[in-house]
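The lines below spell out each chain.
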Amino acid sequence: MGQWDRFLQPYKQAVDELKIKLKGIRTQFQRNNETSPIEFVTGRVKPLASIYDKTLSKGLVFEPSERLAHELQDIAGVRVMCQFVDDIPTVLELLRQRHDLKIIEEKDYITNAKPSGYRSYHIVVEYPVATIQGEMIILAEIQIRTLSMNFWASIEHSLNYKYKGVFPSEISERLQSAAEAAFRLDEEMSQIRDEIHEAQAYFTEYKEASKPVVRGESGQDKGENV
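What counts, and where the lines are drawn
- Residues numbered from 1 in each chain as written.
- Predicted model: local features only at pLDDT ≥ 70, side-chain atom pairs only at ≥ 80, totals over all residues.
- Heavy atoms only, no water.
- pLDDT = per-residue confidence, 0-100.
- Contact = heavy atoms within 4.5 Å.
- Axes fitted to C-alpha atoms, helices over the stretch in contact; angles between N-to-C directions.
- Helix = DSSP H or I, 4+ residues; strand = E, 2+ residues; numbered from the N terminus.
- Parallel < 35°, antiparallel > 145°, perpendicular 65-115°, else oblique.
- Left-handed = near helix turned anticlockwise from the far one by under 90°.
- Pairing = 2+ DSSP bridges.
- Salt bridge = Lys/Arg side-chain N within 4 Å of Asp/Glu carboxyl O.
- Buried < 20%, exposed > 50% of the residue type's maximum accessible area, 1.4 Å probe, protein only.
- Core = buried A, V, L, I, M, F, W, Y, C linked by side-chain atoms within 4.5 Å.

1. Overview of the confidence of the model for the protein chain
The predicted model of the protein chain has a mean per-residue pLDDT of 87, with 86% of residues at 70 or higher. Under a pLDDT of 50 for its full length, residues 222-226 has, in the predicted model, 11 contacts with residues more than four places off or in other chains.

Okay, structure coming up:
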């Protein structure tokens, strides 16, 4: 195993564990027949090419080191997607109450959007990872955003690679306009969230009631997933 593989392995472990725990929050809400503030969770370890670009911008040596681990807080990244803007403070409070991680930094890009129009809530956490050499404290970034914010950010990220961060003025203006439109959509959806939740609950109940029943070999009826 190379030095980068050894360096990044704890970060991969941290991402995997955080994803499982955050998905577990969603499952607990569902089992209690409550609406989960978490729609879905994704995660990744920053690719080496992105780490290299980050070291150049920060003036760091591109090699595994304690300084690199301290300066690059988003090598381990997890994204929590929510249906509504109002769900984001709920998720944030759930994370603040946990004892298996420690929040050390928060950045509110929802109330204070970036000039580009980017919106999301970022937190940096210290997360303990158990290894055969002992416990390691890993820095990880958790981004909490709505589905529309995530769509916009994904498009902006792709365009950023094409234009190397320097957008033509027309593209920049359209991106800002799209960001505002996405946020207005979030606000509108928040106004009817109760109706949306009722419709989703009705759909789930109807889907469960509509499952066809098949008779197994033992003669007992079995519900067949569709």
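2. Some remarks on the packing of helix α5 (residues 147-163) against helix α6 (residues 169-191)
Each pair of packed helices can be described by the angle between their axes along with the distance between the axes. Two numbers describe how α5 lies on α6: the axes approach to 9 Å, and their chain directions differ by 170°. Taken together, the axes of α5 and α6 are roughly antiparallel relative to one another. As for how α5 packs across α6, the hand of that crossing is left-handed. The residues of α6 that touch α5, namely those facing Ser-148, Met-149, Trp-152, Glu-156, Leu-159 and Tyr-163, are Ile-171, Leu-175, Ala-178, Ala-179, Ala-182, Phe-183, Leu-185 and Asp-186.

3. Quick word on the sheet that holds strand β4 (residues 121-131)
The mixed open sheet is built from five strands, whose spatial order is β1-β2-β5-β4-β3. A strand with exactly one partner marks an edge of an open sheet, and here the two such strands are β1 (40-45) and β3 (102-108). Within this sheet the neighbouring strands show an average axis-to-axis angle of 25°, counted without direction. As paired elements, β4 and strand β5 (residues 134-146) share 11 bridges and run antiparallel to each other.

4. Description of the pattern of salt bridges
For the coordinates displayed, the defined rule picks out nine salt bridges. Taking the shortest distance from any N to any O, the salt bridge between Lys-46 and Asp-74 comes out at 3.3 Å. Linking Lys-46 in the loop between β1 and α2 (48-58) with Asp-74 in the loop between α3 (66-71) and β2 (76-82), this pair joins segments that are 28 residues apart in sequence. Of the two residues, Lys-46 and Asp-74, neither departs from the other in class, the shared state being buried. For Glu-180, the salt bridge identified is with Arg-119, shortest N-O distance 3.4 Å. In this pair, Glu-180 is assigned in helix α6 and Arg-119 in the loop between β3 and β4, connecting sequence segments 61 residues apart. Exposure remark for Glu-180: the relative accessible area of 35% places this residue in the partly exposed category. Overlapping salt bridges bring together Lys-21, Arg-98 and Asp-100 as one network.

5. Details of the nonpolar core
In globular proteins that are soluble, nonpolar side chains generally tend to be buried together. One finds Phe-7, Leu-8, Tyr-11, Ile-75, Ile-142 and Ile-144 to be the most contacted residues of the largest nonpolar core, which totals 41 residues. Elements supplying a minimum of two residues to this core: α1 (3-31), β1, α3, β2, α4 (87-96), β4 and β5. With 10 residues, α1 is the single largest residue contributor to this core. In contact with Ile-142, not counting residues within four places along its chain, are Val-78, Val-80, Leu-95, Tyr-121, His-122, Ile-123 and Val-125. Formed by seven residues, the second largest nonpolar core is a distinct cluster that contains Tyr-109, Trp-152, Ala-153 and Phe-167.

6. Regarding the environment of Pro-115
Within the secondary structure, Pro-115 is located in the loop between β3 and β4. Since its relative accessible area comes to 75%, Pro-115 is described here as exposed. Linking Pro-115 and Ser-172, residues 57 residues apart in sequence, is a C-alpha distance of 9.9 Å.

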